[in-house]
Amino acid sequence: MRQLQFFATLLLMNASVQFANADECVVAIDAGDALSYSKQAITIPSSCASATINFTHNGSLPAAVMGHNWVLAKTADLQGIQNDGNVAGMSGGYLKDGDSRILAATNIIGGGESASITFPTKSLEAGGDYSFFCTVMSHSVVMKGSFTISG
Ligand code: CO
């Protein structure tokens, strides 16, 4: 009996090493009528083939007044993406069309709206310096957090 338990434990350990719990690959993050996200940091295990961000605006102001998006990029690219996003403006989703520096991005959402994005993590470097941020009206100055692929 004791031996069986031992082997069962080994099997469980093995399974957890090889396959990420699907829940670890899905992150819920909110924003409201202020310039902040509900999380300052997001970590996704490298064992996740893809990551899903479920982004909710739980405020009441419309997108034209207090819109938010969720954009992922190398931290070093944040400012350049923001600068070009400002040129694109609201009609361009505050992102330059076809900007290859953008690794993932949602649409702009307003109060009561939500957006979800799933993207492959294969090309992201474990331990690399990534940030998520909002490019609407230069919110990224304060509205940002760190994004890490662990393991
Ligand atoms: Co914002």
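What counts as what
- Residues numbered from 1 in each chain as written.
- Predicted model: local features only at pLDDT ≥ 70, side-chain atom pairs only at ≥ 80, totals over all residues.
- Heavy atoms only, no water.
- Donors = N, O, S within 2.8 Å, 3.2 Å for Na, K, Ca; no water.
- Tetrahedral: all angles 85-135°; square planar, octahedral: opposite > 155°, others 65-115°.
- Helix = DSSP H or I, 4+ residues; strand = E, 2+ residues; numbered from the N terminus.
- Buried < 20%, exposed > 50% of the residue type's maximum accessible area, 1.4 Å probe, protein only.
- Pairing = 2+ DSSP bridges.
- Contact = heavy atoms within 4.5 Å.
- Axes fitted to C-alpha atoms, helices over the stretch in contact; angles between N-to-C directions.
- Disulfide = S-S within 2.5 Å.
- Polar contact = N/O pair within 3.5 Å; in protein donor to acceptor, adjacent residues only side chain to side chain.
- Core = buried A, V, L, I, M, F, W, Y, C linked by side-chain atoms within 4.5 Å.

J.: Please provide a residue-by-residue account of the coordination of the cobalt ion, values included.
T.: Expected angles at a metal are 109.5 degrees for tetrahedral coordination by four donors and either 90 or 180 degrees for octahedral coordination by six donors. Coordination of the cobalt ion by the protein comes from H68 (ND1), C134 (SG), H139 (ND1) and M143 (SD), over a distance range of 2.0 to 2.7 Å. Taken together, the four donor atoms coordinating the cobalt ion and their angles of 84 to 128° define a geometry best described as irregular. Of note, the donors binding the cobalt ion are all from one chain and are spaced H-x65-C-x4-H-x3-M. One end of the pair, H68, is in the loop between helix 2 (63-66) and strand 4 (71-74); the other, H139, is in the loop between strand 7 (130-133) and strand 8 (144-150), with 71 residues separating them in the sequence. For the residue pair H68 and H139, the accessibility class agrees, reading buried in each case.

J.: Would you mind going over the pairing of strand 8 in detail, with residue names and values included?
T.: Taken together, the five bridges between strand 2 (residues 41-45) and strand 8 define a ladder with parallel strand orientation. Bridge pairing in strand 8 places T43 opposite T148. With four bridges joining them, strand 7 and strand 8 adopt antiparallel strand pairing. Bridge pairing links S131 to S146 in strand 8.

J.: Describe the sheet that holds strand 8, listing the residues and the values that go with them.
T.: In spatial order, the strands read 2-8-7-4-5; together these five strands make up an open sheet with mixed pairing. Strands at the two margins of the open sheet, each flanked by one partner only, are strand 2 and strand 5 (104-105). Pairing analysis gives four bridges linking strand 4 to strand 7, with the strands arranged antiparallel. The partner of A73 across the bridge, within strand 7, is S131. Running at roughly 30° to strand 7, helix 3 (residues 78-88) makes contact with strand 4, strand 7 and strand 8 of the sheet.

J.: If you had to explain the state of the cysteines to someone new, which residues and values would you point to?
T.: Note: disulfide means a covalent bond formed between the sulfur atoms of two cysteine side chains. Under the criterion given, the structure shown has one disulfide. The partner cysteine of C25 in its disulfide is C48, sulfur to sulfur 2.1 Å. Here C25 and C48 share a disulfide; its torsion about the S-S bond, -85°, makes the bridge left-handed. Taken together, the residues span a long stretch of sequence, with C25 in the loop between helix 1 (2-18) and strand 1 (26-31) and C48 in the loop between strand 2 and strand 3 (50-57) at a distance of 23 residues. C48 sits in the buried class, given a relative accessible area of 2%.

J.: Go over the environment of H68, please, and point to the residues and values.
T.: In this structure H68 comes out as buried when scored by relative accessible area, which is 0%. Spatially, the C-alpha atom of H68 lies 9.9 Å from that of D30, the residues being 38 residues apart in sequence. Looking at H68, its side chain comes within polar contact range of the side chain of H139, at 3.4 Å.

J.: Go over the nonpolar core, please, and point to the residues and values.
T.: Of all hydrophobic cores here, the largest spans 28 residues; its most connected members are Y37, I42, I53, W70, F119 and F147. Secondary structure elements with two or more residues in this core: strand 1, strand 2, strand 3, strand 6 (114-120), strand 7 and strand 8. With sequence-adjacent residues up to four places away left out, I53 is seen in contact with V27, I29, I42, W70, A115, S116, I117 and F119. The next biggest cluster of nonpolar side chains, apart from the first, holds seven residues, and it includes L78, I81, I102 and F133.

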